[in-house]
Amino acid sequence: MSKPRPDHEPDPAERTPNGSSLTLEARGLRRSFTLGDGSELEVLRGVDLSVGTGEAVSIVGASGTGKSTLLHVLGALDRPTSGELFLGGRTITGRSGRELARLRNQFVGFVFQFHHLLREFTALENVMMPRLIDGSPRAEAEARARELLEAVGLSPRLGHKPWQLSGGEQQRVAVARALANEPVVLLADEPSGNLDARTSEALHDLLFRIREERELSLVLVTHNRELAARADRTLLLTEGVLEPTQISPEEPWSAKTADQPTP
Ligand SMILES: Nc1ncnc2c1ncn2[C@@H]1O[C@H](COP(=O)(O)OP(=O)(O)O)[C@@H](O)[C@H]1O
Ligand SMILES: [Mg+2]
């Protein structure tokens, strides 16, 4: 298992007020969008969420309820309109754009429905990228990328460009890239939304194996019942807030959560 880098140690002054080892804590998060006609669209209306170290939480909800918006705010890709966010024991809200980018690189790995790999670069180079951007020496970034691609079972594909890989392989490269900076939390937005059933299952196995090996926290937005049910708990995003819900891998979706993957 990889060791957290020393700079992952929370600064005692910045520890979450309850002093716990929570990886991620959100309090009263709101996010509204101002539309073209000047009206406000309130998507998140006071989201509270605490995710412990190594905990896996799945988030379900109908299309358009704000799941992607929430994940972007939780991962500091987007700012909440109000509310507080703590990642790895650091206060995230109220930071400059530069600081946000740094904290995001340090603490968060993202996996999206579509891999977002750079098509001109090989699998190895794609996985090296976050480390290079972070200022790591090339040799170190490469060694780390090789190790991660091996961990996701892609050692024989290091020199492949994304378009030379299958959908499942592309997502595995995306997972390896998300781990490049040794995040404390992996946020996944419909990671298997674009894969067939068998490939989805392999990806889900990978995500949970990695969680186990690296004591990573997982926050998974998914329409996949099997994946949602594998998490330690499931939350339903409805009316802009999260509420606990139960998902069984066998039972069909309830009408409330029934949905098609968004494009
Ligand atoms: N940048 C934006 N500007 C205006 N409206 C947005 C923006 N991003 C998302 N929305 C709206 O917010 C709602 C939630 O979107 P999203 O988070 O993508 O939902 P989900 O991921 O649950 O399908 C939708 O109605 C969407 O149109
Ligand atoms: Mg979405």
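Residues numbered from 1 in each chain as written. Chains lettered and ligands numbered in written order. Predicted model: local features only at pLDDT ≥ 70, side-chain atom pairs only at ≥ 80, totals over all residues.

**Describing the site of ligand 1**
Taken together, 12 residues form the shell around ligand 1, and within it Phe-33, Gly-66, Lys-67, Ser-68 and Thr-69 come nearest. For the shell around ligand 1, the elements supplying multiple residues, two or more each, are β2 (40–52) and α1 (67–74). For the shell around ligand 1, the leading source of residues is α1, giving three residues. By residue class, the composition of the shell around ligand 1 is three nonpolar, eight polar and one charged. (Near = placed C-beta within 6 Å. Helix = DSSP H or I, 4+ residues; strand = E, 2+ residues; numbered from the N terminus. Nonpolar A, V, L, I, M, F, W, Y, C, P; charged D, E, K, R; others polar.)

**Quick look at helix α4 (residues 138–151)**
Taking 1.5 Å of rise per residue, the 14 residues of α4 would be expected to cover 20 Å, and the 20 Å separating its terminal C-alpha atoms lies within 8% of that figure. Summarising the contacts, the buried residues of α4 are in contact with α3 (123–133) and α5 (167–178). Gly-153 occupies a position one or two residues after α4 and carries a positive phi of about 80°. (Expected span 1.5 Å × (residues − 1). Contact = placed C-beta atoms within 7 Å.)

**Some remarks on the pairing of strand β4 (residues 82–87)**
In this structure, strand β1 (residues 22–34) lies alongside β4, joined through five bridges in antiparallel fashion. By the bridge assignment for β4, Arg-30 is matched with Ser-82. (Pairing = 2+ DSSP bridges.)

**A closer look at the nonpolar core**
Counting residues in each nonpolar core, the largest one holds 65 residues, and the members touching the most others are Val-127, Val-185 and Val-219. By residue number, the principal contributor to this core is α5, which donates five residues. (Core = buried A, V, L, I, M, F, W, Y, C linked by C-beta atoms within 7 Å. Buried ≥ 20, exposed ≤ 12 C-beta atoms within 10 Å, placed from the backbone.)

**A closer look at the packing of α3 against α4**
At a minimum axis separation of 8 Å, α3 and α4 run at an interaxial angle of 125°. Relative to α4, the element α3 is oriented oblique. For the element pair α3 and α4, the recorded crossing hand is right-handed. Counting all contacts with α3, which are made through Ala-123, Leu-124, Val-127, Met-128, Arg-131 and Leu-132, the residues of α4 involved are Arg-138, Ala-141, Glu-142, Arg-144, Ala-145, Arg-146, Leu-148 and Leu-149. Partitioned by chemical class, the residues of the contact of α3 with α4 number nine nonpolar, no polar and five charged. (Axes fitted to C-alpha atoms, helices over the stretch in contact; angles between N-to-C directions. Parallel < 35°, antiparallel > 145°, perpendicular 65-115°, else oblique. Left-handed = near helix turned anticlockwise from the far one by under 90°.)

**What about the sheet that holds strand β3 (residues 56–60)?**
Pairing is mixed in the open sheet, where six strands are placed in the order β6-β7-β8-β3-β9-β10. Only two strands of the sheet have a single partner each, and these edge strands are β6 (108–111) and β10 (241–245). The average angle at which neighbouring strand axes cross in this sheet is 25°, direction not considered. Relative to strand β9 (residues 233–238), β3 is paired through four bridges, and the arrangement is parallel. Each residue of the ladder has a partner; that of Ile-59, found in β9, is Leu-235.

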